[in-house]
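# Overview (structure and organization)
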Amino acid sequence: MIGVIIGDIVGTHLEHNIPTTYKNDFIHYFNNSKFTDDTVTSLAIAKSILECHNNYQDLDKITIKNLKELGRKYIDRDFGSFFIKWILSDNSKPYNSFANGGAMRVSACAYAAYNLETLKDLVYKVTAITHNHKEGLKGALAIASCIFLLRIGKSKDFVLNYIQKNFYNLNYELKDIHKLIPNLNTSKAEITVPLAILAFKHAKSFNEVLENTSFIGGDLDTISAMSCSMAEVLYKVPKELRAKALDLLTPDLKTILFEFENKFIQ
């Protein structure tokens, strides 16, 4: 879960600032940055999973409650316009979103699931409440599948082959993406989710994942959040990045993170 938060904060900085000479010394990128909707919604789902106490029958209803409560509390954290309307409305119907908002918030499901079938059920419960478009659901399940498979000990190659077979084409080099995808400034899941996985594919450390996402550009906070959610499982998260991210979290969000880590991760 800390990977999502670090990716969100660093990506937010890079999205609004020209990269400096610090290169991969990402500790500097926490200055004048903040957590955004990626962090808030991810922790809202983590809170919902905790509140289910291993019985996920009503996970969708509990997730709606927590997304709206935390969303309203942190309404200034760069939520998309459609999601803001959903947060503030008494109507909780999905709005057929095909954006990456479902994929960026789904990592907690990968820690609560015990096989791919239950993973799919959890992912659909927390995603279809807003992102019920097939591409929104596909993106969320792809990210969650990567995290889950890595968590249960599958190799990086196995995971990438699984994604290649079941979700997206990953057979291109990072250096070619600006030629292949002319408009990277989008939040569409069908574009940003495979880019996030590609950033993970071509990295050999947590910091290299962040380097790769900074090269990609576009919706950097969400691409980085998705990429780092995978990187956290396979690579060691630098202690200084974790400490900086925790310093920027509010007490209530930090409590959710610690409770979730204590139950599902540590």
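An account of the accompanying structure is given in this report.

About the criteria used
Residues numbered from 1 in each chain as written. Predicted model: local features only at pLDDT ≥ 70, side-chain atom pairs only at ≥ 80, totals over all residues. Heavy atoms only, no water. Helix = DSSP H or I, 4+ residues; strand = E, 2+ residues; numbered from the N terminus. Expected span 1.5 Å × (residues − 1). Buried < 20%, exposed > 50% of the residue type's maximum accessible area, 1.4 Å probe, protein only. Salt bridge = Lys/Arg side-chain N within 4 Å of Asp/Glu carboxyl O. Contact = heavy atoms within 4.5 Å.

### Here's the deal with helix α2 (residues 37-52)
Under the 1.5 Å per step criterion, the end-to-end length of α2 is 23 Å for 16 residues, consistent within 8% with the ideal 22 Å. Counting buried positions over the 16 residues of α2 gives 14, a clear majority of the element. The first or second residue beyond α2 is H53, which carries a positive phi of 50 degrees.

### Structural notes on the pattern of salt bridges
This structure, assessed with the given rule, holds nine salt bridges. Between K125 and D121 there is a salt bridge whose closest N-O contact spans 3.5 Å. Here the residue K125 and the residue D121 both occupy positions in helix α7 (residues 116-127), the gap between them amounting to four residues, near one helical turn. Residue classification places D121 among the partly exposed residues on the basis of a relative accessible area of 37%.

### Remarks on the side chain of S229
Considering the arrangement of structural elements, one finds S229 in helix α13 (residues 220-234). Setting aside residues no more than four positions away along its own chain, S229 makes contact with G3, V4, S107, I143 and I147.

### Overview of helix α11 (residues 189-201)
When the terminal C-alpha atoms of α11 are compared, their 18 Å separation across 13 residues agrees well with the 18 Å that a helix rising 1.5 Å per residue should span. The buried fraction of α11 amounts to 10 of the 13 residues, a majority that puts the element mostly inside the structure. Packed against the buried residues of α11 are α5 (101-104), α8 (134-151), α9 (156-166), α10 (177-180), α12 (206-216) and α13.

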